[in-house]
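# Coordinates in review
So the chains spell out like this:
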Amino acid sequence: MSPHLRPDSKDRSFDYTAHLAEVCSDICFRVPELNHIDMRQVAVSFSQTKHSGAYGTFAFVVPLRFENGELFRERGGKRWRIQRCFKRDGTECLYLMYFSVPRFIELTLSQKLETIIHELYHINPAFNGDIRRFSGRCYAHGSSQKDYDAAVQRFAVYWLKQEPPEEIWKFLTLNYKELTERSGRLIGTRIGKPKMVRFVEDEAK
């Protein structure tokens, strides 16, 4: 059994978002197409859902910069920017990743991995706070959603073939009931969705 899942843990709690961030870091390290992502500037958060059914959003990524990594956008003769987000150590985040709980936890291992990688693949190759933009009208997924999904599946298979330490990802094999029975209550980071705020020149310094 993974040391992360031992039932005799003193505080009987499991930091789900911290463990998801660890999985993301390992995926970005082992999958060449995602090497550009520095998880130190990506925050992972819960997104609470009322139901755990198979339909709905499982995860989503929020970029904290505009197109091409621009800090601000002109609107109504004023400059606006996306609300800034910092980690406890003062590191500014360029992206927020939200996982819908408990819906995400009820997925299978392969579905969870593909969901994680699907969102990571949205991160711009320049890692500039903008999303990856494909040519054409459907810039988020490219001209073919099928090709996007195929790439995600290929990356998931590749990552598992690299034999990442089981203790990193073993918790992803469990559903909500199994996880709480083994590890106690689930805890994690909750970050409010960022808002548009007036841009102040001093903030960029």
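Residues numbered from 1 in each chain as written. Predicted model: local features only at pLDDT ≥ 70, side-chain atom pairs only at ≥ 80, totals over all residues. Heavy atoms only, no water.

Bringing the pairing of strand β3 (residues 59–63) into the picture now. Within β3, four of the five residues are buried, leaving the element largely enclosed by the surrounding structure. Judged from the five bridges that link them, β3 and strand β6 (residues 95–101) form a sheet pairing that is antiparallel. Counterpart to Ala 59 in the pairing with β6 is Phe 99. (Buried < 20%, exposed > 50% of the residue type's maximum accessible area, 1.4 Å probe, protein only. Helix = DSSP H or I, 4+ residues; strand = E, 2+ residues; numbered from the N terminus. Pairing = 2+ DSSP bridges.)

One can describe the packing of helix α1 (residues 16–30) onto helix α2 (residues 109–121) by two numbers: an axis separation of 11 Å at closest approach and a directional angle of 70°. Between α1 and α2, the interaxial angle falls into the category roughly perpendicular. Crossing of α1 against α2: the hand is right-handed. For the pair α1 and α2, the contacting residues are Tyr 16, Leu 20, Val 23, Cys 24, Ile 27 and Cys 28 in the first and Lys 112, Ile 116, Ile 117 and Leu 120 in the second. (Axes fitted to C-alpha atoms, helices over the stretch in contact; angles between N-to-C directions. Parallel < 35°, antiparallel > 145°, perpendicular 65-115°, else oblique. Left-handed = near helix turned anticlockwise from the far one by under 90°. Contact = heavy atoms within 4.5 Å.)

Attention now goes to the sheet that holds strand β5 (residues 78–82). In a beta sheet, neighbouring strands are held together by backbone hydrogen bonds and run either parallel or antiparallel to one another. Spatially, the three strands line up as an open sheet ordered β4-β5-β8, and their pairing is antiparallel. The open sheet has two edge strands with one neighbour each: β4 (73–75) and β8 (196–198). Taken pair by pair, the neighbouring strands of this sheet meet at an average axis angle of 45°, ignoring direction. Bridge analysis of β5 against β8 gives three bridges, and the strand direction is antiparallel. Bridged to Ile 82 within β8 is Met 196.

What follows deals with the environment of Pro 165. When you line up the elements, Pro 165 lands in the loop between α3 (145–161) and α4 (166–169). A residue is classified by how much of its surface remains accessible, and Pro 165, at 29% relative accessible area, is partly exposed.

Time to look at the nonpolar core. Across soluble globular proteins, you tend to see nonpolar side chains buried next to one another. With 45 residues, the main nonpolar core has Tyr 16, Ile 116, Leu 120 and Leu 172 as its most contacted residues. Elements that contribute at least two residues to this core include exactly α1, β2 (42–48), β3, β6, α2, α3 and α4. When residues no more than four places from it in sequence are discounted, the contact partners of Ile 116 are Leu 20, Val 23, Cys 24, Ile 27, Met 97, Phe 99, Phe 104 and Leu 172. In this structure, Val 62, Phe 66, Leu 96 and Tyr 98 belong to the second largest nonpolar core, which totals ten residues. (Core = buried A, V, L, I, M, F, W, Y, C linked by side-chain atoms within 4.5 Å.)

This paragraph deals with the confidence of the model for the protein. Across the protein, the average pLDDT comes to 88, with 89% of residues at 70 or higher. Overall, residues 1–9 carries pLDDT values under 50, and its contacts beyond four positions in sequence, including any with other chains, amount to 20 contacts. (pLDDT = per-residue confidence, 0-100.)

With that settled, the discussion passes to the environment of Tyr 139. Within the secondary structure, Tyr 139 is located in the loop between α2 and α3. The exposure class of Tyr 139 is partly exposed, given its relative accessible area of 37%.

On to the packing of aromatic side chains, then. By the definition in use, this model includes twelve aromatic pairs. For the pair Tyr 16 and Phe 46, a centre-to-centre distance of 6.4 Å together with 15° between the ring planes defines the contact as stacked. In this pair, Tyr 16 is assigned in helix α1 and Phe 46 in strand β2, connecting sequence segments 30 residues apart. Taken as a pair, Tyr 16 and Phe 46 share a single burial class, namely buried. (Phe/Tyr/Trp six-rings, centres within 6.5 Å; stacked < 30°, edge-to-face > 60°.)

Omega for the bond connecting Val 101 with Pro 102 falls within 30 degrees of zero, at 10°, which places this linkage in the cis form. Along the chain, Pro 102 falls in the loop between β6 and α2. At Asn 68, a residue that is not glycine, the phi angle is positive and equals roughly 65°. Its place among the elements puts Asn 68 in the loop between β3 and β4.

We now examine the sheet that holds β6. Reading across from one edge, β2-β6-β3 is the order of the three strands in this open sheet, with mixed pairing throughout. Only two strands of the sheet have a single partner each, and these edge strands are β2 and β3. Going across the sheet, the axis of each strand differs from the next one's by a mean of 25°, ignoring polarity. Note that β2 and β6 share seven bridges and pair parallel. Within the sheet, the bridge partner assigned to Phe 46 lies in β6 and is Phe 99.

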